[in-house]
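Breakdown of the fold
The lines below spell out each chain.
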Amino acid sequence: MASIPTPGVTRSDESARSGLDVDALRRGVLDNLVCLQARPPGIATTHDWYMALAYTVRDRMLARWAATILTYAASELRVACYLSAEFLIGPQLGNNLVNLGIEANVRAALRELGQDLDELLALEEEPGLGNGGLGRLAACYLDSLATLEIPSVGYGIRYEFGIFDQEIRDGCQVEVTDKWLQQGNPWEIVRPNVNYYVGFGGHTESGNDAQGRYKVRWIPSRMVKGVACDTPMLGFRVNTCNTLRLWKSEAVESFDLQDFNAGDYYQAVQEKVISETLSKVLYPNDEPEAGKRLRLAQQYFFVSCSLQDMMRLLDLKGEPVTRFADMFTTQLNDTHPSIAVAELMRLLVDERMIPWDEAWDITCRTLSYTNHTLLPEALETWGLPLFRGLLPRPLEIIYEINRRFLDTLRQTYPGDEARIARMSLIDESGEKKVRMAHLSTVGSHAVNGVAALHSTLLRQTVMRDFAELWPERFHNVTNGVTPRRFMLLSNPELASLLDRTVGEGWVTDLTRLRKLEAYADDAAFQAQWRNVKRSNKKILAERIRHVTDIVVNPDALFDIQVKRIHEYKRQHLNALYIITLYQRLRRNLDPGNVPRCFIFGGKAAPGYAMAKLMIRLITGIAEVVNNDPAMDGKLKVVFYPDFNVKNAHFIYPAADLSEQISTAGKEASGTGNMKFMMNGALTIGTLDGANVEIREEAGDENFFLFGLTTGQVDSVKREGYRPARHAESNAELRETLDLIAGGYFSRGDPQVFRPLVNNLLQVDPFLVLADYADYVACQERVSAAWLDPVRWTRMSILNTARSGKFSSDRAIGEYCERIWKISPVRITLDQI
Ligand code: 26Q
């Protein structure tokens, strides 16, 4: 896309700091290289050039950032605050270039300096401040919020170590510490003067104050300081530049450090270390030991800093704290920030002397909660002893909220003690625990699921009692992803074809892609479509060769499954099919003889043994298949290490087939499924999460459906599932499992995959064997479709054409209208 002039900045204003033409950009890079990086061009490393370029781009965002902050500070408006323990924002340079519209000029300026933009882009370390879907969703939402010109802030934690880097050694995952800050982060501005104190531990004291009002004082045993670290979030071709504010923990400089004797000094230093540990590392999900004390401390830390920050902004604006809900609407991204219910109450009642009922009204009007999971083991709870030890005052507040809530329940449901026990904020069935999803639901005015099916199941299962009590509180907002990053930036060839075919407006109004339908059967357009895909597949093939040494054929069907490794996502179902196909090919029994390249990517939680074994199975199959000369030109298997946002950029555009094969009812939504669809991949999938809506939009005939439905899954389980029966009645499945169990994919060692095979045959909690036969049959339909390129290309075009619903702009539009009740605010640059 061509560059655009900066609104409000005339040519004569243009300087090395703000100019967008080639000359100004060139001078900007040189200036930053010499003055900020302190490196003359002669000795500068490529990384120095990257830093200089990043600063040059950031300089161009600062005027917009300042104008945005000033506008929000000055006007009477409502700000949406997105509270999330994770923001997986991905590399920033390319995205900012695209949003500013200066990619072509920057490329030219760098060329004059003897540098290559692509090389510099490849150097950027991405901030891996999230595990997967939930964190990336938060980042897509920030992009849409800025692009739609919605006043908003993202609040989270500035982890020093993000999600680990994955290496594959001897076929196994090895975790390597993610030192993303080692070389410096040019996008972040630390604001030491924006800081708050957060208390932990200690005890509470109660009594009456001078006016005779009952008051509780919390005397914490430890204070931690949170310092704001800001990253600008620029919208696409608009002046809105919002803030992602992440909190870094620091020790409070106390007297103990200054006037010490030897013993106190070491004690004080230890306290400092503990405080700084708070924002040290991101917790992986799916960890059996996830309920760690430090995790709860992290959650409270960032929530308290964020709410205090909002209060300070209110004070700065001269607004009374009673207007909190008019000035802020706050979304809780899952239960990770749900301690906000208690903390906002504490700040209002204890610190601002607001009467309880009024504070409760403010809290409920301010907060809303998004649920991202139905898996019982993933619903957050915290044991009472741990909670009380760390957060004694917030726990008292939760008790008081619960007491009042249960009182109203007893009036509504007299005598129904079972229901009341189910709804209580405290689970008393075993070891007592605080139920965070309950707390969020009671303390919010809106609760939503992330896909239509998920929201329905939420109302029917985990939230059933609450949905009966407050039906109007429950919503669905189907997830979405940003087409700026996942199409325009990462698939430039497709973007350019779309520009030429439907006009450039699709980037901010993805429903315009519908116009492509008219070209679905146009032979010339089909040829261009295939060329784009082929070119993207060549790029991925080259990356694969570079990283894994495996040579893949870009003309093979690229069948891709990239996502976190988890039993419910069923990468092992895919693996069983590959083995089946391998056996058929060896015997020349494959019906279509379609060359396939299976590509996997994804991280397993470090403590999740079965997920790690699934990786080993895939790499084990790859070793056998890729080294079998009989499979040349027919079958390849690749495990692409370290799947992250950066790698995703060249993976989604290269896909022919998108694997979305979770057990029905387990995947809340999925968002990778949407990225594949936009980039013209066809989906093979179950009726789970957003797949249901993807199929609805694409049309049944353009989606490869298989598997049990949620209703069937329930009845199979109710009737007593016997996985071994499927193996007994299906010779191919039996052979496949026997090969794994016999050590065929583990260099002859039958012990390696025993736990996996036994689990499948004896328990199979995710019904892999029950869905196997239908999956294999469905893959045969995929092969048949592939053999008819005109049909396949038509299906591919229609998938992209009908992906408009899955833009995060649509999702954010729904949050604004239905949940946040806020509207856009135009930012102009004339005020600074
Ligand atoms: C909780 C407690 C302690 C430690 C870690 C965690 C933790 C961290 C991250 C629990 C869950 C997560 C992440 C969950 C997640 O990514 N869920 C996905 O959210 C996507 C966006 O809505 C959906 O599309 C996916 O279906 C859902 O799995």
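Since we're looking at a predicted model, the values are computed, not measured.

Quick look at the site of the ligand
As a matter of local geometry, the ligand sits amid 21 residues, with Leu-134, His-372, Asn-479, Glu-667 and Gly-670 nearest to it. A distance of 2.8 Å separates an oxygen atom of the ligand from a polar side-chain atom of Asn-479. Ser-669 is positioned with one of its backbone polar atoms (N or O) 3.0 Å from an oxygen atom of the ligand. When isolated, the ligand has an accessible area of 610 Å², and the protein chains bury 88% of it. Counting residues per element, the shell around the ligand draws most heavily on helix α6 (residues 133–147), which supplies three residues. Counting residues domain by domain, the shell around the ligand receives three or more from each of domain 2 (76–90 + 126–169 + 176–479 + 815–820) and domain 3 (517–708 + 767–805).

Quick word on helix α14 (residues 392–412)
Compared with an ideal rise of 1.5 Å per residue, which puts 21 residues at 30 Å, α14 spans 30 Å between its outermost C-alpha atoms and is within 8% of the ideal. Considered for burial, the residues of α14 that qualify are Pro-392, Arg-393, Pro-394, Leu-395, Ile-397, Ile-398, Ile-401, Asn-402, Phe-405, Leu-406 and Leu-409.

Observations concerning the sheet that holds strand β12 (residues 381–383)
Ordered in space as β12-β14-β13, the three strands form an open sheet in which the pairing is antiparallel. Both edges of this open sheet fall to β12 and β13 (426–427), since each of them pairs with a single strand only. Note: β12 against strand β14 (residues 433–435), three bridges, orientation antiparallel. Bridging from a neighbouring strand, Thr-381 pairs with Arg-435 of β14.

Focus: the UniProt feature "modified residue: N6-(pyridoxal phosphate)lysine" (unreviewed entry) in the chain
Per the UniProt annotation, the sites labelled "modified residue: N6-(pyridoxal phosphate)lysine" (unreviewed entry) are Lys-675. Among the structural elements, Lys-675 can be located in helix α25 (residues 672–678). For Lys-675, a relative accessible area of 5% puts it in the buried group. Once residues lying within four places of it in the same chain are set aside, the contact partners of Lys-675 are Arg-136, Val-481, Phe-486 and Tyr-652.

Section: the domain arrangement of the chain
Along its sequence, the chain is organised into domain 1 (1–75 + 110–118), domain 2 (76–90 + 126–169 + 176–479 + 815–820) and domain 3 (517–708 + 767–805). Centre-to-centre, using C-alpha coordinates, domain 1 lies 36 Å away from domain 2. Across the domain 1 to domain 2 interface the summed buried area is about 2,000 Å²; carbon plus sulfur atoms make up 65%. A per-residue breakdown of the area domain 1 buries against domain 2 is headed by Met-61, Trp-65 and Tyr-72, which together make up 36% of the total. Applying the counting rule to domain 1 against domain 2 returns zero salt bridges. Linking domain 1 to domain 2 there are 10 residue pairs in polar contact (both at pLDDT 80 or more). Taken together, the residues of the side of domain 1 that touches domain 2 break down into 15 nonpolar, four polar and two charged.

Quick word on the pairing of strand β9 (residues 241–251)
Buried residues dominate β9, accounting for nine of its 11 residues. By the bridge criterion, 11 bridges tie strand β8 (residues 222–234) to β9 in an arrangement that is antiparallel. By the bridge assignment for β9, Met-233 is matched with Asn-242. Here β8 hands over to β9 after six residues, with Arg-237 in that stretch at a positive phi of 55°.

Section: the sheet that holds β8
Taken in spatial order, the nine strands make up an open sheet running β5-β8-β9-β2-β1-β10-β11-β15-β16, and their pairing is mixed. Bordering the open sheet on either side are β5 (189–200) and β16 (474–476), each of which pairs with just one other strand. Here the average twist between neighbouring strands, direction ignored, is 25°. Pairing between strand β15 (residues 446–449) and β16: three bridges, direction parallel. Of the residues in β16, the one forming a bridge with Asn-448 is His-475.

Considering the packing of helix α11 (residues 340–351) against helix α12 (residues 356–366)
Relative orientation of the contacting elements α11 and α12 amounts to 140°, with a least axis distance of 9 Å. Between α11 and α12, the crossing angle belongs to the class labelled oblique. The chirality of how α11 crosses α12 is right-handed. Facing α11, whose interface residues are Val-341, Leu-344, Met-345, Leu-348 and Val-349, α12 presents Trp-356, Ala-359, Trp-360, Ile-362, Thr-363 and Thr-366. Along the lines of polarity and charge, the residues of the contact of α11 with α12 split into nine nonpolar, two polar and no charged.

Side note on unusual backbone geometry
Generally, phi is negative for residues other than glycine and the peptide bonds are trans, each holding for most cases. Although it is not a glycine, Ala-38 sits at a positive phi angle of roughly 55°. For Ala-38, the location among the structural elements is in the loop between α1 (22–36) and α2 (46–74). Even without being a glycine, Arg-570 presents a positive backbone phi close to 60°. Take Arg-570: it is sitting in the loop between β17 (557–562) and α22 (571–586).

Quick notes on the nonpolar core
In this structure, Phe-200, Phe-387 and Trp-820 are the most contacted members of the largest nonpolar core, which totals 117 residues. Element by element, the count of residues in this core is highest for helix α9 (residues 293–316), at 11 residues. The contact partners of Phe-387, leaving out residues within four places of it in the chain, are Leu-296, Ile-339, Trp-382, Pro-392, Pro-394, Leu-395, Ile-398, Val-434 and Met-436. One finds Ala-622, Leu-635, Val-713 and Phe-745 within the second-largest nonpolar core, a separate group that totals 67 residues.

Notes on empty space enclosed by the protein
Inspection of every chain in the model, using the stated rule, returns four cavities of 30 Å³ or more. Volume-wise, the largest cavity comes out at about 120 Å³. Looking at the largest cavity, the residues that line it are Ile-89, Gln-92, Asn-95, Asn-96, Arg-136, Ala-139, Asp-143, Pro-232, Met-233, Leu-234, Thr-482 and Arg-485. Of the residues contributing to the lining of the largest cavity, the split by class is five nonpolar, four polar and three charged. The space that makes up the second largest cavity amounts to roughly 50 Å³. In terms of lining, the second largest cavity is formed by Asn-491, Leu-494, Trp-529, Val-532, Lys-533, Asn-536, Pro-653, Asn-679, Gly-680 and Thr-800. Here the element with the most residues in the lining of the second largest cavity is helix α21 (residues 523–548); it accounts for four residues. Partitioning the lining of the second largest cavity into residue classes produces four nonpolar, five polar and one charged.

Analysis parameters
Residues numbered from 1 in each chain as written. Predicted model: local features only at pLDDT ≥ 70, side-chain atom pairs only at ≥ 80, totals over all residues. Heavy atoms only, no water. Near = heavy atom within 4 Å. Polar contact = N/O pair within 3.5 Å; in protein donor to acceptor, adjacent residues only side chain to side chain. Areas by Shrake-Rupley, 256 points an atom, 1.4 Å probe, with all protein chains shown as cover. Helix = DSSP H or I, 4+ residues; strand = E, 2+ residues; numbered from the N terminus. Domains from an automatic or database assignment. Expected span 1.5 Å × (residues − 1). Buried < 20%, exposed > 50% of the residue type's maximum accessible area, 1.4 Å probe, protein only. Pairing = 2+ DSSP bridges. UniProt positions renumbered as here; feature names shortened; annotations may be inferred. Contact = heavy atoms within 4.5 Å. Buried area = accessible area lost by both parts, 1.4 Å probe. Salt bridge = Lys/Arg side-chain N within 4 Å of Asp/Glu carboxyl O. Nonpolar A, V, L, I, M, F, W, Y, C, P; charged D, E, K, R; others polar. Axes fitted to C-alpha atoms, helices over the stretch in contact; angles between N-to-C directions. Parallel < 35°, antiparallel > 145°, perpendicular 65-115°, else oblique. Left-handed = near helix turned anticlockwise from the far one by under 90°. Core = buried A, V, L, I, M, F, W, Y, C linked by side-chain atoms within 4.5 Å. 1 Å grid on protein atoms, 1.4 Å probe; cavity = no way out; pocket = protein on both sides within 12 Å on 5 of 7 lines; lining within 4 Å. Points joined across faces, edges and corners; volume = space filled by probe spheres on them.

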